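Architecture and fold: a report
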Amino acid sequence: MFKPHISIQKLNVFYEGHHVLKDITVDIPEKRITAIIGPSGCGKTTLLKSLNRLIDLVDGVKVSGNVLVDGINIYGNGLDVTNIRKKMGLIAQVPNLLPMSIYDNTAYGSRIHGVKDRKELNQTVERCLRVSGLWDEVKDRLKDPASKLSIGQQQRLCLARALAVEPEVLLCDEPTSALDPISARHIEGQLLTIKKDYTIVFVTHILRQAKRLADYVVFLYFGELVEHGPAEEILTNPSEPRTQAYLKGEIS
Amino acid sequence: MDKRKLEENFFKGLMIASTIIIVGSLLSVLVVVLFRGAPALSISMLAQTPKGGYYLGKEGGILNAIVGSLYLAGGATAIAFIISLPTTLYLNEYAYRSKLASFTRQSLDVLWSVPSIIYGVFGFTIMIYLSIRASLLGGIMALTLLELPIMIRAMDEVMKMVPLKLKEASYALGATKLETTLNVIARQALPGVVMAILLALGRAIGDAASVLFTAGYTDNIPRSLFDPAASLPLAVFFQLGTPFPEVQQRAYASGFILLVIVLSLSVASRLLTRRFMRYVIK
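Residues numbered from 1 in each chain as written. Chains lettered and ligands numbered in written order. Predicted model: local features only at pLDDT ≥ 70, side-chain atom pairs only at ≥ 80, totals over all residues.

1. Details of the overall build of chain A
On a plain count of helices and strands, chain A comes out with 10 helices and 10 strands. Along the first, second and third principal axes, the C-alpha atoms of chain A reach 55 × 45 × 35 Å. A total of 252 residues make up chain A; the buried ones form 46% of that total. Sequence-distant contacts in chain A: of pairs separated by 6 or more residues, those separated by 24 or more amount to 70%. (Helix = DSSP H or I, 4+ residues; strand = E, 2+ residues; numbered from the N terminus. Buried ≥ 20, exposed ≤ 12 C-beta atoms within 10 Å, placed from the backbone. Contact = placed C-beta atoms within 7 Å.)

2. Brief notes about the environment of Ala146(A)
Residues and elements named next belong to chain A. Relative to the elements of secondary structure, Ala-146 occurs in the loop between α5 (135–138) and α6 (151–163). By the C-beta count within 10 Å, which is 25 here, Ala-146 ends up buried. Beyond its immediate stretch of four places on either side in the chain, Ala-146 contacts Leu-97, Met-100, Ser-101, Ile-102, Asn-105, Gln-154 and Leu-157.

3. Re the domain arrangement of chain B
Looking at the assigned domains, one finds that chain B contains domain 1 (2–40) and domain 2 (44–277). The class makeup of the residues in the side of domain 1 of chain B that touches domain 2 of chain B is five nonpolar, one polar and one charged. (Domains from an automatic or database assignment. Nonpolar A, V, L, I, M, F, W, Y, C, P; charged D, E, K, R; others polar.)

4. Considerations on the nonpolar core
Generally speaking, nonpolar side chains in soluble globular proteins are found buried as a group. In this structure, Val201(A), Leu72(B) and Met151(B) are the most contacted members of the largest nonpolar core, which totals 133 residues. If you tally residues by element for this core, the top one is helix α6 (residues 136–160) of chain B, at 16 residues. Apart from the residues lying within four places of it in its own chain, the contact partners of Val201(A) are Ile28(A), Thr34(A), Ile36(A), Leu48(A), Leu51(A), Val169(A), Leu171(A) and Cys172(A). (Core = buried A, V, L, I, M, F, W, Y, C linked by C-beta atoms within 7 Å.)

5. Some thoughts on unusual backbone geometry
As a rule of thumb, non-glycine residues mostly have phi less than zero, and peptide bonds are mostly trans rather than cis. Residue and element names in this part refer to chain A. Here the phi dihedral of Asp-23 falls at roughly 50°; this positive angle occurs in a residue that is not glycine. The residue Asp-23 is located in strand β2 (residues 18–29) in this model. Taking the C-beta count within 10 Å as the criterion, Asp-23 has 14 such neighbours and is therefore assigned partly exposed. For Glu-174, which is not glycine, the phi torsion reads 45° and is therefore positive. Mapped onto the secondary structure, Glu-174 falls in the loop between β7 (169–173) and α7 (181–194). Overall, Glu-174 belongs to the buried group, with 22 C-beta atoms counted inside 10 Å.

6. Some thoughts on α6(A)
Residues and elements named next belong to chain A. Compared with an ideal rise of 1.5 Å per residue, which puts 13 residues at 18 Å, α6 spans 19 Å between its outermost C-alpha atoms and is within 8% of the ideal. Of all 13 residues in α6, 12 are buried, a share of seventy percent or more. Of the positions making up α6, those classed as buried are Gly-152, Gln-153, Gln-154, Gln-155, Arg-156, Leu-157, Cys-158, Leu-159, Ala-160, Arg-161, Ala-162 and Leu-163. In this fold, the buried residues of α6 make contact with β6 (88–91), α3 (102–112), α4 (118–131), α5, β7 and α7. (Expected span 1.5 Å × (residues − 1).)

7. Observations concerning the pairing of strand β9 (residues 216–221) of chain A
In the case of a regular strand, side chains alternate between the two sheet surfaces. Residues and elements named next belong to chain A. The buried fraction of β9 amounts to five of the six residues, a majority that puts the element mostly inside the structure. Where strand β3 (residues 33–37) lies against β9, four bridges are found, and the strand directions are parallel. When the bridges of β9 are listed, Ile-36 appears paired with Val-218. Pairing of β9 with strand β10 (residues 224–230) involves six bridges; the strand directions are antiparallel. Paired with Phe-219 across the strands is Glu-227, a residue of β10. Between β9 and the antiparallel strand that follows it, β10, lie two residues; Phe-222 among them carries a positive phi value of about 45°. (Pairing = 2+ DSSP bridges.)

8. With respect to the interface of chain A and chain B
Counting from both sides, the interface comprises 24 residues of chain A and, opposite them, 21 residues of chain B. Residue assignment for the side of chain A that touches chain B shows that the elements contributing at least two residues are α2 (81–87) and α3 of chain A. A per-element tally of the side of chain A that touches chain B places α2(A) first, with four residues. Taken together, the residues of the side of chain A that touches chain B sort by class into 13 nonpolar, eight polar and three charged.

9. Some details on the packing of helix α10 (residues 232–240) of chain B against helix α11 (residues 245–277) of chain B
Residue and element names in this part refer to chain B. Running from amino to carboxyl end, α10 crosses α11 at an angle of 160°, the nearest separation of the two axes being 8 Å. Judged by the angle between their axes, α10 and α11 are roughly antiparallel. Here α10 runs over α11; the crossing is left-handed. In contact with Leu-232, Ala-235, Val-236, Gln-239 and Leu-240 of α10, α11 contributes Val-247, Gln-248, Arg-250, Ala-251, Ser-254, Gly-255, Ile-257 and Leu-258. Broken down by class, the residue content of the contact of α10 with α11 amounts to eight nonpolar, four polar and one charged. (Axes fitted to C-alpha atoms, helices over the stretch in contact; angles between N-to-C directions. Parallel < 35°, antiparallel > 145°, perpendicular 65-115°, else oblique. Left-handed = near helix turned anticlockwise from the far one by under 90°.)

Structure below.
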C-alpha cells in the first residue's frame, strides 16, 4: 500500500457556470509518480492547479471541497497561500522562464523566501541545476539571459527553479509536450531519479509516457474521476469500461 | 494568380509610399529648421543667457530656455513617473477588471486629448489657490498633469502585454503579489516603460501652452523652485513673434536645439534599454 501525501476530498470546481471537476476524491501517494491521464479538456490541468491554488488566479472560478496536504486543508480559512505554493513546485506545459538570467531564475524562489547569503544561493543554484541535469551545460554562462537556452534546457531550468524552494511535491503539467523527444526523455529520466525524494503529480495524455513513469494512475473523463489505482493495475487491467475504451484508443 | 500578385504589389507600394511621406516630412522639417537657424547657431547661443537688447537681435544666447526646459520637463517627468508606475501596476495587477480601473482608463483617454492650454489654466488656478507665482514649481505641476495620462496609458498597454504564464511562474514559487509585480512584471515591461517615459517627456519638453502662465518667462536661469523659468518652446514663440529677421533666425536655431535635445534623449534611452532587453522573455 502507498502512504498518502495529498488527500483530495469531494473537490468540485466550477468555472463560469461550467462544472469542470465533479466530486473528485482520491489520495495521492507520497514519493511516487502519480499520472493523471485522460483526454484533452477533461480537467487534468484544473485538478493540478487546484493543488497549489494557482487556480485562484483564474477569474470567475469557484472551488469547493478539501485538499489536505500533510493533513492540512489548503482551502482552509486564514491559510497563507504562499506557503502552500512553496511546498508544491510546478512545471508548466511550456517553459515559463522569468525575464532574468539563468542564475537569477534558479535563485528567484530562494530569494523571495528570504535567502540573502550569496554563498548559500550559489550552493542552491548549483545543486538544483545539477539535479535537473543542466549544470554542465550552463555553468560558464550563468549570467546569460535564460531565454537564450534551447527549449529543452529551459524546461530543465524550470525544474531546477522549482526544486530551489525545496518543495515536497512537484506538479508537472504535461512538461514534455512542447519538447523534442530527446529533451522529453531527459526530463523523464530526471523525474525518475528524484522521485525518491518528491511526491510527483504528472499530467499527461500520452499513455506510453504514463506507462514509463507512473506508479499510480488517476483517470479523469469529462471532469469525473473514473478510476484510480496502482499503475500496473489501471494500465493493464482496468475495471471500468471507459478506462478500457480510453486505453484502447477508442475514446480520446 | 496575376491578380493576387498585382494586389500584393499595390499594397506594398502603398505602404512604402506612406513611409516615405512620413520620413520625408520629418526630414524636411529638420532641414528647414536647420537651414533657417544655422546662421544664428553659435556657441554663445548655447552657453549664454540673453544680453541686453536680445529681442532686437543683438547678443547673448538662450541658455535660460535650455536649462529652464530641462528643469521643467525633467522635474515633471520624474514626478509623473513616481505617480504613474504605481497607478499602472495597480490598474493591471490589483484592479484589472474592476469598475474603478475601467473608469480610470476612460478618464485618462479623455485627458490625453485635452489641449495643453487647459492644463496651463488649470495649473494656474491651483497656483492662485496656493498663492504661488509663475515659477518653475508651477510649470512642473502643469507639465506633470499633462504627462500623467500619456505615461499611465502608455505603460498600461505595455503591462497588459506581460504574459500570464510569467505571473503564474512567479506565483507558483510562492511569491506574493507585490514580489511578482516588482520582480517579474516591472522587469518584463521595463523597455516599454522607458518608451512611455520618453513619450511623455517628449510631449512635455515641446509644449508651450501649459507653461505660458504657470512657469512664465525670464532671461535668467531659475535658482529655486519659486523662480520663473524660461522654456525653449516659448523662446521660439516669442522670437518668431518679433518683426526682426535676425531674431526670427534665432527662433529656428532654438527649435533646432530642442530637436537635438529630444533626439539625444531618445537615443540615450534606446541604448539604455538595450541592456534590459536582453532578459525580456519574447
